[in-house]
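The primary structure of each chain is shown beneath.
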Amino acid sequence: DNNNQAYQPPRLQSVPFELQNNETLLAKQRLQLQKAHAKQSRSELTALLRSQLTDAPETEDARGGAMLGNQSEKSRRIKAKEDDVREFEESQMIRLTVGKKDKKERKRMMREEMSNL
């Protein structure tokens, strides 16, 4: 009798919706607060205040302190990526092609930083 019947998959059980308990909610809030604090500590305003209020000497570059590539978070990310690519190219003795999108983004960031001086 089992051989001539069609296969019937098992029925799915309904699962009740549970609200998040306090521990997971507190953990999420703590993580969001940590992310916000980290983002704020990397911000341009914080760097400006830190440079003005601390006794540490200012760092200068070849352009007399313009610090191109280090003013905004996005430009710091682009510079870090470029440093990684340069390090890879030097270690492997090979040149990587730079995409049109990357060139365009780099030019835009440089233009913005030159106008903010």
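Worth saying up front: this structure is predicted, and the values here are computed from it rather than measured.

The rules behind each value
- Each residue is numbered by its place in its chain's sequence as written, counting from 1.
- Local features are withheld for residues below a pLDDT of 70 in this predicted model, meaning they are given only at 70 or higher, and side-chain atom pairs are given and counted only at 80 or more; totals for whole chains, interfaces and linings count all residues.
- As a rule here, side-chain values cover all heavy atoms of the structure and leave hydrogens and water aside.
- Strands here mean DSSP runs of E at least two residues long; helices mean DSSP runs of H or I at least four residues long; both are numbered from the N terminus.
- Per-residue accessibility, obtained with a 1.4 Å probe over protein chains only, is compared with the maximum for each type, and a residue is labelled buried under 20%, exposed over 50%, and partly exposed between these values.
- Cavity means a closed set of points on a 1 Å grid over the protein atoms alone, one where a 1.4 Å probe fits but cannot get out, pocket means an open set with protein on both sides within 12 Å along at least 5 of 7 lines, and lining means a residue has an atom within 4 Å of a point.
- Grid points are joined across faces, edges and corners, and a volume is the space filled by probe spheres set on the points.
- Gly is put with the polar residues, along with every residue not named as nonpolar or charged; the nonpolar set is Ala, Val, Leu, Ile, Met, Phe, Trp, Tyr, Cys and Pro, and the charged set is Asp, Glu, Lys and Arg.
- Any Lys or Arg side-chain nitrogen located within 4 Å of an Asp or Glu carboxyl oxygen qualifies as a salt bridge.

**Student:** Outline unusual backbone geometry, listing residues and values.
**Tutor:** The phi torsion at Met-93 lies on the positive side, around 55°, for a residue other than glycine. Tracing the sequence through the fold places Met-93 in the loop between helix H3 (73-92) and helix H4 (100-115). According to the relative accessible area criterion, Met-93 is exposed, its value standing at 77%.

**Student:** Lay out the layout of surface pockets in plain terms, naming residues and giving numbers.
**Tutor:** Of the voids in this model, the second largest pocket is the one considered here, and its volume is about 450 Å³. Residue lining of the second largest pocket: 17 residues in total, with Ile-78, Lys-81, Glu-82, Val-98 and Asp-102 positioned closest to the centre. At the level of secondary structure, the elements contributing two or more residues to the lining of the second largest pocket comprise H3 and H4. Among the elements that take part in the lining of the second largest pocket, H3 stands out by supplying 8 residues, more than any other. In terms of residue class, the lining of the second largest pocket is built from 4 nonpolar, 2 polar and 11 charged.

**Student:** An account of the pattern of salt bridges is needed here, citing residue identities and associated values.
**Tutor:** Any two side chains of opposite charge can pair, so long as their charged atoms come close to each other. Evaluated as defined, the whole model comprises 7 salt bridges. For Lys-79, the salt bridge goes to Asp-83, with nearest N and O atoms at 3.5 Å. Of this pair, Lys-79 and Asp-83 both sit in helix H3, 4 residues apart, roughly one helical turn. The exposure class of Asp-83 is partly exposed, given its relative accessible area of 27%. When the shortest N-O distance is used, the salt bridge between Glu-105 and Arg-108 registers 2.8 Å. Here the residue Glu-105 and the residue Arg-108 both occupy positions in helix H4, the gap between them amounting to 3 residues, near one helical turn. Looking at Arg-108, the relative accessible area reads 29%, which means it is partly exposed. Residues participating in the shared-partner salt-bridge network are Lys-79, Asp-83, Arg-86 and Glu-90.

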